[in-house]
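Structural overview for review
Letter by letter, the chains look like this.
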Amino acid sequence: MAQEDPSWKTFFEENPKPTNFDKNVKLIQDVCQHAAVKKNRVALITSGGTTVPLEQNTVRFIDNFSAGTRGSASAEYFLDAGYQVIFLHRSKSLEPYSRHLVGRNIFDMIEVLPDHITVGDKHQIELRVVAEKYQRHKCNLLMISFNTLADYLWLLQATAQKMQILGPLALLYLAAAVSDFYIPTSQMPHHKIQSSGGPLSLSLQLVPKMLAPLVTLWAPNAFVVSFKLETNETLLETKSKESLLKYHHNVVIGNILNSRKVYVTLVDSASSSAEEIRLSASDLENGVEIESKIVENLKIRHEKYYANHKTG
Ligand code: PMT
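To keep things clear, this report deals only with the structure shown in the data block.

The rules behind the values
All residue numbers refer to positions counted from 1 along the written sequence of the respective chain. In keeping with the model being predicted, local features are shown solely for residues with a pLDDT of at least 70 and side-chain atom pairs are shown and tallied solely at 80 or more, while totals for entire chains, interfaces and linings include all residues. Processing note: side-chain calculations cover all non-hydrogen atoms of the structure and skip hydrogens and water entirely. Proximity criterion: a residue is near a molecule or strand once any of its heavy atoms comes within 4 Å of it. Polar contacts here mean pairs of N or O atoms no more than 3.5 Å apart (in protein, one a potential hydrogen donor and the other a potential acceptor; neighbouring residues in sequence count only if both atoms are side-chain atoms). Using the Shrake-Rupley algorithm and a 1.4 Å probe, accessible areas are obtained, with residue cover drawn only from the displayed protein chains. Only DSSP runs of H or I with at least four residues qualify as helices, and only runs of E with at least two residues qualify as strands; both kinds are numbered from the N terminus onward. Three classes are used: nonpolar for Ala, Val, Leu, Ile, Met, Phe, Trp, Tyr, Cys and Pro, charged for Asp, Glu, Lys and Arg, and polar for all others, with Gly counted as polar. Given the number of residues in a helix, its expected span is that number minus one, multiplied by 1.5 Å. Buried residues are those whose accessible area, probed at 1.4 Å on protein chains only, stays under 20% of the maximum for their type, while exposed residues exceed 50% and partly exposed ones sit between those limits. For our purposes a nonpolar core is just a set of buried Ala, Val, Leu, Ile, Met, Phe, Trp, Tyr and Cys residues, chained together by side-chain atoms within 4.5 Å. It only takes one pair of heavy atoms within 4.5 Å for two residues to be counted as in contact. Aromatic pairing here means that ring centres of Phe, Tyr or Trp (its six-membered ring) are within 6.5 Å. Orientation follows from the plane angle: under 30 degrees is stacked, over 60 is edge-to-face, and everything else is tilted. Any Lys NZ or Arg CZ that is within 6 Å of a ring centre and within 35 degrees of that ring's normal is treated as a charge sitting over the ring.

Regarding the site of the ligand
Every one of the 23 residues lining the ligand counts as a neighbour, but Ser66, Arg70, Lys228, Asn255 and Arg260 are closest to it. Contact distances for the ligand include 2.6 Å between an oxygen atom and a side-chain N or O atom of Ser66. Here an oxygen atom of the ligand and a backbone polar atom of Thr69 are 3.3 Å apart. Computed on the free molecule, the ligand has an accessible area of 790 Å², of which 95% lies beneath the protein chains in the complex. The set of elements that each furnish at least two residues to the shell around the ligand consists of α3 (69-80) and β11 (223-230). With four residues, β11 is the largest single contributor of residues to the shell around the ligand. Tallied by class, residues from the shell around the ligand come to 13 nonpolar, five polar and five charged.

Right under this line is the structure:
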């Protein structure tokens, strides 16, 4: 009896590739090939929310809360830790380095002099710190953007496949907030939905979980870290462990929507209990970001994984 295609394959058959796909995949491939030759570690960081369009000519779409804080902050810490970073992010969500200026008015930070403009005295130090970091790391940072769920999944698949060449040097850090429900292109109206049609009922299909093919087929030797988001703390550890058992990847970081900036739990396949990372009052006073501690922790785990792979 002929076997049915797995649902993830059907998803890619039914949803077209994003624009500029081939150009972006070439950029990703170049980074991976170059890093493989130099034996550099590469982190793919996914960041921000995915949209789910309701119309093919999209006027309306379903979105989610993610601002890309986790991903953009983590990208900076992975760069500090010596990784090359592929930053796959939702267009117009927070980006490494420039995130420090979001919500600020640039015109309040500059001084206009007769023949040139300059940064005002009181902003010199903070801008210099960020600008110097950006200048130092920008050659190790490739930024690729997406909007829709389908764009994201196409780029995730391609990036993971291109990272295969890196074997255990590759680290995937899946911090994007990925929709679990969508409308297949074939079921989407071509034009704007008219309100004259009365109240709107939507039927959304389940998005296949892409962690399964990612871990087994696309990047089987990579160190894969996924995030588990919950709103009920009592479910967090169980759900994170279930995810690890189901997909057999390396680490699940559990976080609760309202406390995600100060508290996360890490579960891995090697230990039965979860490790907690929680910011202290003094961390908060000193402007420590939880992502710095997450990345520090993962760097050590990834080093061990790499050492085991080399000798294993
Ligand atoms: O951006 P911020 O505002 O800083 O918020 C950060 C965050 C809360 C979004 C981030 O820390 C986080 O938790 N991201 C994962 C959110 C999520 O998609 O959780 P989930 O429980 O729905 O999915 C679990 C895992 O399955 C995720 O790693 C996801 O990449 C993966 N997945 C999800 C859907 C899908 N169809 N296939 C998948 O493989």
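Looking at helix α5 (residues 149-163)
Here α5 is 15 residues long and its end C-alpha atoms lie 21 Å apart, about the 21 Å a rise of 1.5 Å per residue gives. Across the 15 residues of α5, 13 count as buried, placing the element largely inside the fold.

A short note on the nonpolar core
By size, the foremost hydrophobic cluster in this structure holds 45 residues, and its most contacted members are Leu153, Leu166, Leu172 and Leu214. Counting only elements with at least two residues in this core, the list comes to α1 (7-14), α2 (21-38), β1 (42-47), β4 (84-90), β7 (141-146), α5, β8 (170-174) and α6 (211-218). If we skip the residues at most four places from it in the chain, Leu166 touches Cys32, Ala35, Ala36, Asn40 and Val42. Tyr97, Val130, Ala175 and Phe223 belong to the second-largest nonpolar core, a separate cluster that totals 31 residues.

Comments concerning the packing of aromatic side chains
Enumeration over the complete set of coordinates arrives at 13 aromatic pairs. Ring centres of Trp8 and Trp218 lie 5.6 Å apart, and the angle between their planes is 80°; this geometry places the pair in the edge-to-face category. Of the two residues, Trp8 sits in helix α1 while Trp218 sits in helix α6, which places them 210 residues apart along the sequence. For Trp8, a relative accessible area of 14% puts it in the buried group. According to the relative accessible area criterion, Trp218 is buried, its value standing at 2%. With a centroid separation of 5.7 Å and an interplanar angle of 85°, the aromatic rings of Phe11 and Phe12 are classed as edge-to-face. Taken individually, Phe11 and Phe12 each receive the classification buried, so the pair is uniform in this respect. Sitting over the face of the ring of Tyr83, Arg41 holds its NZ or CZ atom 4.3 Å from the ring centroid.

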